[in-house]
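Chain by chain, the residues:
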Amino acid sequence: MRSDPLPVPVRPVTETRTPFPTIVVGTDGSDSAERALDHVVRLARRTDAEVVVAHVYRRPRHPDAARELGSSLLRDAVARYGEGVACRAALREGNAAETLIDVAREETAPLIAIGNRGLGGRRVSIGTVPNRVAHGAGNSVLIVQTIHDMPSDPYRRILIATDGSPTAARAVDTGLALAGAVDAPILLLHVGDARRGDEVLSRVLHDHQGATDLDPQTVEGDPAGRIVEVAEAEGCDLVVVGNRGMTGARRFTGSVPSRVAHRAPGHVLVVKTT
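Rules of the game
- Residues numbered from 1 in each chain as written.
- Predicted model: local features only at pLDDT ≥ 70, side-chain atom pairs only at ≥ 80, totals over all residues.
- Heavy atoms only, no water.
- Axes fitted to C-alpha atoms, helices over the stretch in contact; angles between N-to-C directions.
- Helix = DSSP H or I, 4+ residues; strand = E, 2+ residues; numbered from the N terminus.
- Left-handed = near helix turned anticlockwise from the far one by under 90°.
- Contact = heavy atoms within 4.5 Å.
- Buried < 20%, exposed > 50% of the residue type's maximum accessible area, 1.4 Å probe, protein only.
- Right-handed = clockwise from strand over helix to strand, strands pointing away.
- Pairing = 2+ DSSP bridges.

A. Focus on the packing of helix α7 (residues 223-233) against helix α9 (residues 256-263). Where α7 contacts α9, the two axes come as close as 9 Å, and the packing angle between them is 35°. Taken as a pair, α7 and α9 cross one another with a handedness that is right-handed. For the pair α7 and α9, the contacting residues are Pro-223, Ala-224, Gly-225, Ile-227 and Val-228 in the first and Val-256, Arg-259, Val-260 and Arg-263 in the second.

Here it is as structure tokens:
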């Protein structure tokens, strides 16, 4: 694997108000990737996060040309956004999904962001690269909705799903911290039995008594399907779920986080909890 450093400006981050002080975002210059990058930059401006823009290329017949093309793409991206946010570039050779994960590990970045069409402009939702990143990453993954137009502000309302498990509690903590950083109201959702839902949501409200604009709701039905339906009905443009069930290909395919990521009308944050 080859790494090619680029001389790009860096603005130091002076304050951390987010669970994601560094965000790695992948780009290949496609429309989907550009939309994802734009969203991440707007999020970073609200949270004082640093953005690492990564471009990954496979070894072609003419590697020098591929590196130069990637360097040009990244320089253009940093030039567009470098004034308003701490932004730098990472150019790598290798497999797109695996290499993005490697970059995040090298940068000790707690979050990888990628458009839901996937690198290469795939039109399936979610694309192959986002699917593999969400499955294999050792950190949280933000799957940015790039197929449909979304509001310009990062998030109008955030849905955080919980089943009361310890892993879900960690996802709730992260979602609440992010909502506080961007000043977004929260819909806290439990899918299941009403009595169990009251217990779960009461515990969250007790543990987070300082949280404001928090609307607890319980609905019955299929967890993934109901999360997606409620998010759409309630105007939530970000859904936060834990990654439980995303370890192993078979469980990933059928897991609640995976099904939500494939079907949600907006952005999906899959929080690393296991």
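B. Broad picture of the pairing of strand β3 (residues 50-57). Along β3, eight of the eight residues are buried, which leaves the element largely enclosed by surrounding structure. In β3, alternate side chains face the same way, and those of Glu-50, Val-52, Ala-54 and Val-56 on one face and Val-51, Val-53, His-55 and Tyr-57 on the other are all buried. Handedness of the crossover is the feature at issue here: the chain leaves strand β2 (residues 22-26), passes through helix α1 (residues 31-47), returns alongside β3, and the resulting connection is right-handed. One ladder, built from eight bridges, connects β3 with strand β4 (residues 86-93); its direction is parallel. Within β4, the residue paired with Glu-50 across the bridge is Ala-86.

C. Spotlight on the environment of Ala-184. Tracing the chain through its elements places Ala-184 in the loop between α5 (166-182) and β8 (186-191). Ala-184 gets classed as buried once you look at its relative accessible area, which sits at 6%. It is 9.5 Å that separates the C-alpha atoms of Ala-184 and Thr-212, two residues lying 28 residues apart in sequence. Apart from residues no more than four positions distant in its own chain, Ala-184 is found in contact with Tyr-155, Arg-156, Ile-158 and Ala-179.

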